[in-house]
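# Descriptive analysis of the structure
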Amino acid sequence: MSELNMAVIKPEEVISHVTASYRCSFSSHVLIVECFVLEEGWGRVLEMMKSYIWIETADGSLQQVEQEVAMFCPFICHEVIQKGMGSSKNHAISLPQRVNPAMLSLMLDYCRFHQVPGHSNKERKSFDEKFIRMDTKRLCELTSAADSLQLKPLVDLTSRALARIIEGKTPEEIREIFHLPDDLTEEEKLEPLKNITDDPRIRLLNRLYAKKRKELKERERIKNVEAEEERVDDRSVDDLLSFINGEDSKGIKTSKNRKKNRRKKDQLKNTSPSEVIEINEQESNGLKGSDLGETSEKQDVTDEMFASKPEFDDGDVDDEIDPALKEKIDREVEDFARRLNSDWPERMQEILSLGQDMKALHHSSNGNGTIRKYTDPEQK
Amino acid sequence: MQMGDVAALDLISDLPQSIIEIILTCLPIRDAVRTSILSTKWRYRWATLTELVFDGTCVTLCNDRSLLEKSIVNFITRALFLHQGPIHKFKLSTTYLQCCPDIDQWLLFLSRNDLKELILELGEGDWFRVPSCLFNCKKLTRLELHRCEFDPAPNFKGFSSLRSLNLDQVLVAPDAIECLISSCPVLESLSLTYSDSLDLNINAPNLKYLYLEGEFKDVCLENTPLLVEISVAMYMTDDIAEHFEQSSSCNFIKFLGGVPLLNKLVGYIYFTKYLSIGDDPGRLPITYSQLKIIELHQVSFEDMKEIMVVIRLITNSPNLTELKVSGSSNSLAATEEEYDLDLWEKECPSDCSFNHLKFVKMTDIAGVPHEMELIKFLLKNSLVLETMSITPCVFLKDRKLSMLIDLVRFRRASDQAEIIFVQN
């Protein structure tokens, strides 16, 4: 490679001696190799040369790469063809940030092998299997880099490898491998997808969903509710717990959130239960812990929601609804479900805390009855 | 917990959602859903997957069958409930689940979520009756049903995007199937297995792949000009055999008359017999210039009509590359019968040559005269033959030697040809 590099530099230095022009032309993945003939002072040198393109990685380092190999990446291909970049140092193709030199070199190894049409499927597969053997960190970096260069076959290969790593492992093992923060401690216990077949809390929740859906439909008819962008609930569970217990938070949280919640807390103190529902709807994501501050008021909310009978068998009814309205309702429900899902941690938290108090009580199968039992002792 | 430090080390959570989806789709659904308890960032990442595949691995096995069923139902219901966004592929394939009302609800939910691919395979109990909401899935591109009852609404206009239809052990009225097939304009792949004896007219102008297995009273490929691959395993009952005796229409033409682009033809059990029924087509109006692979299994070389089918097929396929034939002759049958060996001289064009035939595999050969004639014919006219593999049928003990003696005498047009006599 180094001697070819020298050959590249030479033409620029001795351009006056060159009688044959050096041309490089290409279509998307076909390289036409041109002969470079030198005269005078170079003797009988006739070299076959591959053309190279200049690439700059995010850290500023430049390197030259065989064109036919690099063109295997759609991103680079696009840059070369559409924008004419890469032909010289000054016009080097700058790669996206996620591609560092080590990753670039790995990807070029991959491209170098696969761009050769002669290999059989078996050979390619066996190359892939060996290629994939690297530590998890590099695998993740490689996936990211391959994605930013739009090299889909490599993305698929690395993704499958990552999936194989994840498959069958316990959450603890996965967290350890990928260094994920274990910030779901309490909610873990509330994992709704555990197959608890007769959990009354889960049934309660499902009814809550159904009620909320109905509420939303009502609301839509009255006024416009803007769909809010979903914000990820990334506050610690400790924080939420502390609100329930009325203590100061021990976890590390931004002061901004804290202020917001305090404000809501005050607001709630002054509002009646029916207005609490409004606040719940309008500021779905702001709800995070605010309503947990006053559990008694929350009970009133749930109490209200269960005042009328829950509807479960919408199944058949829906078939007769006019399609346009159906679409509208579907969208609303989807929007609502999205918002509800962001509320999920709080709801579960709240239900669980209730449940812990109510362990001694008999649960009747009548949903309304259960709620009444939950709320009675709490009402002040 | 020092959140700041850990976030810096997190290897995977910051990958773009599209990649996370690829990773999660490669996982069994249970592992994918479990990622929701890894960390806050992962809480709902699985919930936007567009492909959901539920099978027996969803739940931990236990001995109590009803409990198992209950837990699968719960898992799927909750997963669907927590899911956000469109669901493009839904596959439910488990024998632990029998027909139950929850499935109807799931299908209703899916029909509102841009469902594109539906695969449903349930246990052996009562067959699931497909609800009408399935016919509202306008964007359906692939439908696969096993052990279901299928009854389209009378005003059903078809699936305008359906590319692949696979009905296995599906109870459906024959005209309903015909109607369904013809109302799916872009249908490319059709597979019908083990339906009740059907009388089918297939009208599918874009059909490329046809796979039939089961009892069929009558199959007519009325309009399938683009068909590239056909595979048929035809069973026969006495009723159907009787029906055949009385029919006079030429099955060969009805089935293979309109498939000029055919690339591969595979027939099992009674397929060749089926093709042989009816009047002899004589010289075929069609040449199968793209037909490269022919596999005919269980051909009875004692039935003149079946032999004719074989002759007609191979002599009208100039570009044939691979031929597999298996016999089903009853070698214990009377050998006194006169064999009309001139048939080969009469019916085969004298200039017939196979310029591309490279591999021939004959199995279950009983040494019946017409089988030997076929081998002789192939050897004589295949200019580039590389391998002729012959496996005698297991009952054959005393005829092997005479078969070999005959084989050795046959002239070979190709100097590359190897005859491999497989002994077991």
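By the naming in an unreviewed UniProt entry, chain B is FBD domain-containing protein, taken from Acer yangbiense.

Named according to an unreviewed UniProt entry, chain A is SKP1 component dimerisation domain-containing protein originating from Acer yangbiense. According to UniProt, the comment filed for chain A under the heading Sequence similarities (unreviewed entry) is "Belongs to the SKP1 family." Regarding chain A, the UniProt comment filed under Subunit (unreviewed entry) reads as follows: "Part of a SCF (SKP1-cullin-F-box) protein ligase complex."

## A word on the overall build of chain B
Assigned secondary structure in chain B consists of 13 helices and 17 strands. Buried positions account for 50% of the 424 residues belonging to chain B. With the model as given, the accessible surface of chain B reaches about 18,900 Å², and the carbon-plus-sulfur share is 49%.

## Some remarks on the environment of B:Ser182
Residues and elements named next belong to chain B. Position of Ser-182 among the secondary structure elements: in helix H6 (residues 174-182). Residue Ser-182 is classed as partly exposed on the basis of its relative accessible area, which comes to 38%. Along the sequence, Ser-182 and Pro-205 sit 23 residues apart, while their C-alpha atoms lie 8.5 Å from each other.

## Some details on the packing of aromatic side chains
With the rule as written, the count across this model stands at 14 aromatic pairs over all chains. Ring geometry for A:Phe113 and A:Phe127: centres 4.0 Å apart, planes at 0°, overall stacked. In this pair, A:Phe113 sits in helix H4 (residues 101-114) while A:Phe127 sits in helix H5 (residues 121-131), placing the two residues 14 residues apart along the sequence. A:Phe127 shares its class with A:Phe113; the two are buried. Here B:Phe156 and B:Phe159 contribute two aromatic rings whose centre-to-centre distance is 5.0 Å and whose plane-to-plane angle is 70°, an arrangement assigned as edge-to-face. The same class applies to B:Phe156 and to B:Phe159, which are both buried. Taken together, the ring pairs in this structure connect A:Tyr110, A:Phe113, A:Phe127 and A:Phe131 into an aromatic cluster.

## Re the confidence of the model for chain A
All names here are of chain A. Scored by pLDDT, chain A has a mean of 63; 41% of the residues are at 70 or more. For chain A, strand S1 (residues 26-27) is the element with the lowest average pLDDT, namely 34, and helix H7 (residues 152-166) is the one with the highest, namely 92. Counted against residues more than four places away or in other chains, residues 227-232, with its pLDDT under 50, gives 12 contacts. In this model residues 247-320 is a low-confidence stretch, pLDDT under 50, and it forms 115 contacts with partners more than four residues away in sequence or in other chains.

## Some details on the pairing of strand S6 (residues 62-66) of chain A
Residues and elements named next belong to chain A. Bridge count for strand S5 (residues 52-56) against S6 is 5 bridges, and the pairing is antiparallel. Along S6, the bridge assignment pairs Ile-55 with Gln-63. With antiparallel pairing between neighbouring strands as the criterion, S5 and S6 make up a hairpin whose turn holds 5 residues, including Gly-60 at a positive phi of roughly 95°.

## Describing a nonpolar patch on the surface
Together, B:Leu401, B:Leu404 and B:Ile405 make up a nonpolar patch on the protein surface, roughly 280 Å² of accessible area in all. Among the secondary structure elements, B:Leu401 is positioned in helix H13 (residues 400-409).

## Some points on the nonpolar core
The biggest cluster of nonpolar side chains holds 186 residues, and the ones touching the most others in it are B:Phe255 and B:Leu256. The residues touching B:Phe255, leaving out its near neighbours within four places in the chain, are B:Leu212, B:Val219, B:Leu221, B:Ile230, B:Val232, B:Phe271, B:Tyr274 and B:Leu275.

## Here we look at the side chain of A:Thr136
In this structure, A:Thr136 sits in helix H6 (residues 136-148). For A:Thr136, a relative accessible area of 18% gives the class buried. Sequence-distant contacts of A:Thr136, that is, excluding residues within four places in its chain, are made with A:Leu162, A:Ile165, A:Ile177, A:Phe178 and B:Leu11.

## Thoughts on a positive patch on the surface
Residue and element names in this part refer to chain B. Among the surface-exposed residues, Lys-376, Lys-380, Arg-409 and Arg-411 lie close enough to one another that they form a single positively charged patch. Structurally, the position occupied by Arg-409 is in helix H13. Note on Arg-409: relative accessible area 70%, which makes it exposed.

## Notes on the pattern of salt bridges
Residue and element names in this part refer to chain A. Enumeration according to the criterion identifies 20 salt bridges over all chains in this entry. Between Lys-83 and Glu-79 there is a salt bridge, and its shortest N-O distance comes to 3.1 Å. Of this pair, Lys-83 and Glu-79 both sit in helix H3 (residues 74-83), 4 residues apart, which is roughly one turn of that helix. By relative accessible area, which is 8% here, Glu-79 ends up buried.

## Thoughts on the sheet that holds S5(A)
Overall, mixed pairing links the 3 strands, which are arranged S6-S5-S7 (chain A) in an open sheet. The strands lining the two open edges of the sheet, one partner per strand, are S6 and strand S7 (93-94) of chain A.

## Comments concerning the state of the cysteines
Linking two cysteines covalently through their sulfur atoms gives a disulfide. Residues and elements named next belong to chain B. Scanning the model with the defined rule gives 0 disulfides over all chains in all. This cysteine, Cys-184, is not joined by any disulfide, and Cys-179 carries the nearest cysteine sulfur, 9.7 Å off. Of the residues examined, Cys-184 reaches a relative accessible area of 1% and is grouped as buried.

Scoring rules and cut-offs
- Residues numbered from 1 in each chain as written.
- Chains lettered and ligands numbered in written order.
- Predicted model: local features only at pLDDT ≥ 70, side-chain atom pairs only at ≥ 80, totals over all residues.
- Heavy atoms only, no water.
- UniProt positions renumbered as here; feature names shortened; annotations may be inferred.
- Helix = DSSP H or I, 4+ residues; strand = E, 2+ residues; numbered from the N terminus.
- Buried < 20%, exposed > 50% of the residue type's maximum accessible area, 1.4 Å probe, protein only.
- Areas by Shrake-Rupley, 256 points an atom, 1.4 Å probe, with all protein chains shown as cover.
- Phe/Tyr/Trp six-rings, centres within 6.5 Å; stacked < 30°, edge-to-face > 60°.
- pLDDT = per-residue confidence, 0-100.
- Contact = heavy atoms within 4.5 Å.
- Pairing = 2+ DSSP bridges.
- Patch = residues over 30% accessible without salt bridge, like charges linked within 9 Å, V, L, I, M, F, W, Y side chains within 5 Å.
- Salt bridge = Lys/Arg side-chain N within 4 Å of Asp/Glu carboxyl O.
- Core = buried A, V, L, I, M, F, W, Y, C linked by side-chain atoms within 4.5 Å.
- Lys, Arg positive; Asp, Glu negative; His and termini not counted.
- Charge placed at Lys NZ, Arg CZ, Asp CG, Glu CD.
- Disulfide = S-S within 2.5 Å.

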